[in-house]
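As a plain string of letters, each chain reads:
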Amino acid sequence: MRMSGNKYSRAMGSIFANGAAFAVSYGISLLLTPYLTEHMGTEACGFVTLAKQLAQYAAIITMTLDSFAARHITIEYYRGCLKKANVFFSSVFFGDLLLASAILAVVTGCVFFLEQLLNIPEAMAWDIKLLFLFVFVNFWITTAFTVFGTSLYIKNRLDIAGLFKGLSYLTEGLVLCIAYALFPTRVFFVGVGIAAAGVVVACSNIRLCRKYTPELSPKRKDFSGSAVKRLVMDGIWNSVNSLGDLLNSGLDLIVCNRMLSAVAMGQMAIAKTVYTIFISLLCVVEQAFQPMLLKSYARNDRESLVEELFFAMKVSGMLSNVGFAGFAALGMAYYRLWIPNQEIELIYWLTVISLLTIIPGGPMKPLYYIYTLTVKKRIPCFITIAGGVLNVAGMYVLIRFTGMGIYAVVWTTAAVMMAINLISNPLYMAHVLHLPWHTFYPGIIRNLLACSALTILFQAFARLYMPDNWLCLILCILLYAAAGCALHLAVVFGRRDWNRIKGLIKRRGARQND
């Protein structure tokens, strides 16, 4: 029981540490977005978001090598096969170094012809090109040294990673403050800040790897073509699945740029900022539980694995429910204060429609790791690709032949992703774990009921009082969050979950008394 409490305590610590780091990142975005829109127009925010998205698209290539690296290295490490662990470690490092360098070289060449690929205002051309270049320099840095972060999975110390991630965001903010204070406003300063943050993350991963797993280090003699082949064969389906995700939700800015306008792309980018915040927070929860899930799977402890999946599902669902209901109630006030000179109502509804996908997607997010643990990616990939093709086709048809305009982009994505998260994923996840087909549906249904109740409650609160300044908005957010968490806990969590939470509180209290 002590070990069980400790592993959940580590997971909660990781969520809080990485959540705090993300709060710093959001603070930067909160200040940067209105500054750029005021000084350089809505288009500037659109190109910043697009540059980040294109770097994520490039990561689909490296994902073939990286997505199963932590799994194989950790399993061999727990089994005491340090030689095999080092073979995988070295193979990933040198493989990533080669792939990242090749991608950076190609992007550097394409940057010179960027205005022929995208609709870019002539006055911003070189500024945008430098932005893309620095964003991909950051891609090279983070990709080349990503394998060093595996040690934090092995030792379940993602909480420490969150502290260094927060430091990286503070570094990014400092670079931006200095640049915008001393020089004329340029969009590419954002890329410089992102690259500086990447340097901090890479250096911290190397330092922590040497501290926690000194047995692991990249050596040329340990590079193995057969290890690379195995990682690629396992990871290729993750890349295919990411390609499907790209078709499902990643092409919205490009579609807006090419089929509508650069201004529409900027409006979509602002709406996607809030959506990205919630998805990133859900990823924090998902990642926090991965070390314990991997450990249980490596030890063939099926009972603990299923228990951990259910608990992760409930915690992640609480975040998505409170987040959706809170934004639905307070989002209009938030946008009035944040970007008062934009088309607030349009951006608000684009955001709400986009956030519909996190209602079922929230509790399902941690369960996606099942596919990595079991190396069962083929069928989910086919489903995601099919949904992505349907999504892009739907966008094109609705924009081309109806008057929906920018709304077509978000509605098609919402419809496709809701179907995937409510139908195909719960069924196949239960199948690969050899569980009854309905295993995850009670949790999903309770989550939907909780979200409905929260949305109704928060809408009632908003009718009573709508904040009109930042202080009142922050106080309302805190009130809604407290009430929302309490209601979600009452509806979704069971007696065993409450006992686990009480144990975590007692453990933390005992540590403070010590």
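Residues numbered from 1 in each chain as written. Predicted model: local features only at pLDDT ≥ 70, side-chain atom pairs only at ≥ 80, totals over all residues. Heavy atoms only, no water.

J.: With reference to specific residues and values, describe the pattern of salt bridges.
T.: Scanning the model with the defined rule gives 3 salt bridges in all. With a shortest N-O distance of 3.7 Å, Lys221 and Asp222 are connected by a salt bridge. By relative accessible area, Lys221 is classed as exposed at 65%. Take Asp222: its relative accessible area is 5%, and that puts it in the buried class. Ionic pairing is found between Glu286 and Lys365, a salt bridge with its closest N-O pair at 3.9 Å. (Salt bridge = Lys/Arg side-chain N within 4 Å of Asp/Glu carboxyl O. Buried < 20%, exposed > 50% of the residue type's maximum accessible area, 1.4 Å probe, protein only.)

J.: Explain a nonpolar patch on the surface to me, and be specific about the residues and the numbers.
T.: On the surface, Met259, Leu260, Tyr396, Val397 and Phe401 cluster together into a nonpolar patch covering about 460 Å² of accessible area. For the nonpolar patch, the secondary-structure elements that each account for two or more residues are helix H11 (252-260) and helix H17 (378-401). With 3 residues, the top contributor of residues to the nonpolar patch is H17. Note that Phe401 resides in helix H17. (Patch = residues over 30% accessible without salt bridge, like charges linked within 9 Å, V, L, I, M, F, W, Y side chains within 5 Å. Areas by Shrake-Rupley, 256 points an atom, 1.4 Å probe, with all protein chains shown as cover. Helix = DSSP H or I, 4+ residues; strand = E, 2+ residues; numbered from the N terminus.)

J.: A description of unusual backbone geometry should follow, citing residues and the corresponding values.
T.: Even without being glycine, His434 reaches a positive phi, approximately 60°. Counting through the fold element by element, His434 comes out in the loop between helix H18 (407-432) and helix H19 (441-464). Judged by its relative accessible area of 66%, His434 is exposed.

J.: Just give me the short version of the confidence of the model for the chain, but keep the residues and values in it.
T.: This prediction gives the chain a mean pLDDT of 81; 90% of its residues lie at or above 70. Here residues 1-5 is modelled with pLDDT under 50, and outside its nearest four sequence neighbours on either side it reaches 4 contacts, counting other chains as well. Confidence drops under a pLDDT of 50 for residues 507-514, and excluding neighbours within four residues, the segment shows 7 contacts in the predicted structure. (pLDDT = per-residue confidence, 0-100. Contact = heavy atoms within 4.5 Å.)

J.: Can you break down the state of the cysteines residue by residue, with the values?
T.: Such a bond, covalent and formed between the sulfur atoms of two cysteines, is termed a disulfide. A full pass over the atoms with the stated rule returns 0 disulfides. No disulfide involves Cys476; its sulfur sits 6.6 Å from that of Cys472, the nearest cysteine. Its relative accessible area of 9% is what places Cys476 among the buried residues. (Disulfide = S-S within 2.5 Å.)

J.: Pulling in residues and values, what's your account of the environment of Leu260?
T.: For Leu260, the position within the fold is in helix H11. Leu260 gets classed as partly exposed once you look at its relative accessible area, which sits at 33%.

J.: Which residues make up the nonpolar core, and what are the values?
T.: One recurring pattern in soluble globular proteins: nonpolar side chains tend to sit buried together. Membership of the largest hydrophobic core comes to 119 residues, with the highest contact counts inside it found for Leu131, Tyr335 and Phe440. Counting residues per element, this core draws most heavily on helix H13 (residues 302-338), at 19 residues. Among all residues touching Leu131, those that are not within four sequence positions of it are Phe47, Val48, Ala51, Val187, Phe188, Val190 and Gly191. (Core = buried A, V, L, I, M, F, W, Y, C linked by side-chain atoms within 4.5 Å.)

J.: Explain the packing of aromatic side chains to me, and be specific about the residues and the numbers.
T.: Applying the stated criterion to the full structure yields 28 aromatic pairs. Here the aromatic rings of Trp140 and Phe145 are separated by 6.3 Å at their centres, their planes lie at 85°, and the arrangement is edge-to-face. Between Phe145 and Phe148, the aromatic rings sit 6.3 Å apart at their centres with planes inclined by 35°, giving tilted as the arrangement. Taking the relative accessible area as the measure of exposure, Phe148 reaches 8% and is therefore buried. (Phe/Tyr/Trp six-rings, centres within 6.5 Å; stacked < 30°, edge-to-face > 60°.)

J.: Can you tell me about the packing of helix H6 (residues 125-144) against helix H9 (residues 188-212), naming the residues and giving the values?
T.: Running from N to C, H6 and H9 point in directions that differ by 10°, and their axes come no closer than 7 Å. Considering the angle they form, H6 stands roughly parallel to H9. Residues Asp127, Leu130, Leu131, Phe134, Val135, Asn138, Ile141 and Thr142 of H6 form the contact with H9, whose participating residues are Phe188, Val190, Gly191, Val192, Ile194, Ala195, Gly198, Val199 and Ala202. Per-class residue counts for the contact of H6 with H9 are 12 nonpolar, 4 polar and 1 charged. (Axes fitted to C-alpha atoms, helices over the stretch in contact; angles between N-to-C directions. Parallel < 35°, antiparallel > 145°, perpendicular 65-115°, else oblique. Nonpolar A, V, L, I, M, F, W, Y, C, P; charged D, E, K, R; others polar.)

J.: Report on the packing of helix H8 (residues 158-182) against H9, specifying residues and quantitative values.
T.: Their axes nearest at 8 Å, the elements H8 and H9 cross at an angle of 155°. Considered as vectors, H8 and H9 are oriented roughly antiparallel to each other. Seen from above, H8 lies across H9 with right-handed handedness. Between H8 and H9, the residues in contact are Ile160, Phe164, Leu167, Ser168, Thr171, Glu172, Val175, Leu176, Ala179 and Tyr180 and Phe189, Val190, Val192, Gly193, Ile194, Ala196, Ala197, Val200, Val201, Ser204, Leu208 and Tyr212, respectively. Along the lines of polarity and charge, the residues of the contact of H8 with H9 split into 17 nonpolar, 4 polar and 1 charged. (Left-handed = near helix turned anticlockwise from the far one by under 90°.)

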